[in-house]
Amino acid sequence: MKVGDRHYRTIWLNADGRSVDIIDQRWLPHEFRIVTLKTVADVATAIRDMWVRGAPLIGVTAAYGVAIAMGGDASDAGLDAVWETLHKTRPTAINLKWALDEMRKFLRALPEAQRQAAAYVRAAEIAEEDVELNRAMGRHGLEIIKKIAARKKPGERVNILTHCNAGWLATVDYGTATAPIYLAVEAGIAVHVYVDETRPRNQGAQLTAWEMNTNNIPHTLIVDNAGGHLMQHGEVDMVIVGTDRTTADGDVCNKIGTYLKALAAKDNDVPFYVALPSPTIDWTVHDGVKEIPIEERHGDEVTFVQGRSDDGKISKLRISPEGSPAANPAFDVTPARLITGLITERGIAEASRAGLKRMFPERG
């Protein structure tokens, strides 16, 4: 995606061939900052404290973290150590474990002397694979938008509601839920995006809205609880969200509040789609509500908000009484029965075990 007149990805290898740069998303939309990650500790902090976020980008960042680690200790013990360090940073998004497993399996088959160079090559491949997955999902999702647009009267827009940020900033490029939107705009289809603010961290208000604004895509920021009202009044044609982990039976774990949007969509016959790159499928899990670990983040994310004052200063402000405790589950699970379809890189899958197996028969 472009920022100003320059194309950016969310993570890239530096000229030194060792460190990586990232867009530090904590400061968006008010400041565009780039940070260099030089050590495994840097990578762990960036993932844990959400300098980078979004399941696909977390996985790619972790892959580069393994590559960085190989410059210090390329032994099997070193591989196991960096796997443990990075795996415990975020418990819910399965892409993190997928990327770490992929890197460890690949590198263990090589002599220690070759592991450092090979690790950077494989991490770069994982990054490129993410971009291609997103492009493919975008193409399949675009067909859904085209069908809705064909039913519209001349001049009417396709109104799409999304939740959290499943955009370019959550991946290496294009995004998952936003990929069909970007391709629809490129195809000349009139779209309008309703952007949930997505409390408590406001990734919709701060990140998705910034993406839409930067790329000149018509959009409207709404409070989280407005989605159902808009659906009741026919203002939403479809919902597209991302996912941090999807079960083998089609349940979807995504940012807290996704489940409520799916319930509202079901009640109002609004199609509810999930953009699903295959690395986010956890084939070992079947019941998302019972089996997926839900990350509990610090209550300060609920009791404080970050913003920029009129004098340009970025600061945090308390919005609740001191002493009032806050719970902060970061994700919820949307049951497969509420999902119209899963937009994968291979096509649109039914949200079920049979639907996913038809799309990915090699998984048995």
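Residues numbered from 1 in each chain as written. Predicted model: local features only at pLDDT ≥ 70, side-chain atom pairs only at ≥ 80, totals over all residues. Heavy atoms only, no water.

Asks: So, the pattern of salt bridges: which residues are in play, and what are the values?
Replies: Pairs can form between side chains of opposite charge once their charged atoms are near each other. Scanning the entire structure with this criterion turns up 22 salt bridges. Salt-bridge contacts for arginine 122 lead to glutamate 125; the nearest nitrogen and oxygen are separated by 3.1 Å. Separated by three residues within a single helix, arginine 122 and glutamate 125 lie in helix H5 (residues 112-150), roughly one turn from each other. Glutamate 125 sits in the partly exposed class, given a relative accessible area of 37%. Salt bridges sharing partners connect three or more residues here, namely Arg90, Arg201, Glu295, Arg297 and Glu301. (Salt bridge = Lys/Arg side-chain N within 4 Å of Asp/Glu carboxyl O. Helix = DSSP H or I, 4+ residues; strand = E, 2+ residues; numbered from the N terminus. Buried < 20%, exposed > 50% of the residue type's maximum accessible area, 1.4 Å probe, protein only.)

Asks: Explain the environment of isoleucine 126 residue by residue, including any values.
Replies: Within the secondary structure, isoleucine 126 is located in helix H5. For the pair formed by isoleucine 126 and leucine 342, sequence separation is 216 residues and the distance between their alpha carbons is 22 Å.

Asks: Describe the packing of helix H2 (residues 55-70) against H5, listing the residues and the values that go with them.
Replies: Any two packed helices are characterised by how steeply their axes cross, that is the angle between the axes, and by the distance between the axes. Where H2 meets H5, the axes come as close as 8 Å, and the angle between the chain directions of the two elements is 170°. Classified by the interaxial angle, the pair formed by H2 and H5 is roughly antiparallel. Every residue of H5 that contacts H2 at Pro56, Val60, Ala63, Tyr64, Ala67, Ile68 and Met70 is listed here: Arg115, Gln116, Ala119, Tyr120, Ala123, Ala124, Ile126, Ala127 and Asp130. (Axes fitted to C-alpha atoms, helices over the stretch in contact; angles between N-to-C directions. Parallel < 35°, antiparallel > 145°, perpendicular 65-115°, else oblique. Contact = heavy atoms within 4.5 Å.)

Asks: Before we move on, could you go through the pairing of strand S16 (residues 331-334) and cite the residues and values that matter?
Replies: Of the two faces of S16, the one lined by Phe331 and Val333 and the one lined by Asp332 and Thr334 are each fully buried. Direction of pairing for strand S11 (residues 252-255) relative to S16: antiparallel, over a ladder of four bridges. Its bridge partner being in S16, valine 252 is matched across the sheet by threonine 334. (Pairing = 2+ DSSP bridges.)

Asks: Could you give an account of the packing of aromatic side chains, naming the residues involved and the relevant values?
Replies: Throughout the structure, instances matching the rule amount to five aromatic pairs. Summarising the aromatic geometry, the rings of tryptophan 283 and phenylalanine 360 are spaced 6.2 Å apart at their centres and angled 75° between planes, so their arrangement reads as edge-to-face. Here the residue tryptophan 283 occupies a position in the loop between strand S13 (281-282) and helix H10 (288-291), and phenylalanine 360 occupies one in the segment after helix H12 (353-359), the gap between them amounting to 77 residues. Of the two residues, tryptophan 283 and phenylalanine 360, both sit in the buried class. Here a set of aromatic residues connected by ring pairs shows up, and it is made of Tyr8, Trp12, Phe32, Trp168 and Trp210. (Phe/Tyr/Trp six-rings, centres within 6.5 Å; stacked < 30°, edge-to-face > 60°.)

Asks: How would you summarise the pairing of strand S14 (residues 304-308) if you had to cite specific residues and measurements?
Replies: Note that S14 and strand S15 (residues 314-318) share five bridges and pair antiparallel. Residue phenylalanine 304 lies in a different strand from S15, and its bridge partner there is arginine 318. Linking S14 to S15, which pair antiparallel, is a turn of five residues; within it glycine 312 sits at a positive phi near 90°.

Asks: I'd like a description of helix H6 (residues 179-186), backed by residues and values.
Replies: Most of H6 is tucked away: six of the eight residues are buried. Considered for burial, the residues of H6 that qualify are Ala179, Pro180, Ile181, Tyr182, Leu183 and Ala184. In the core, the buried residues of H6 are packed alongside H5, strand S6 (158-162), strand S7 (191-196) and helix H7 (203-214). Glycine 188 sits one or two residues past H6 and shows a positive phi near 85°.

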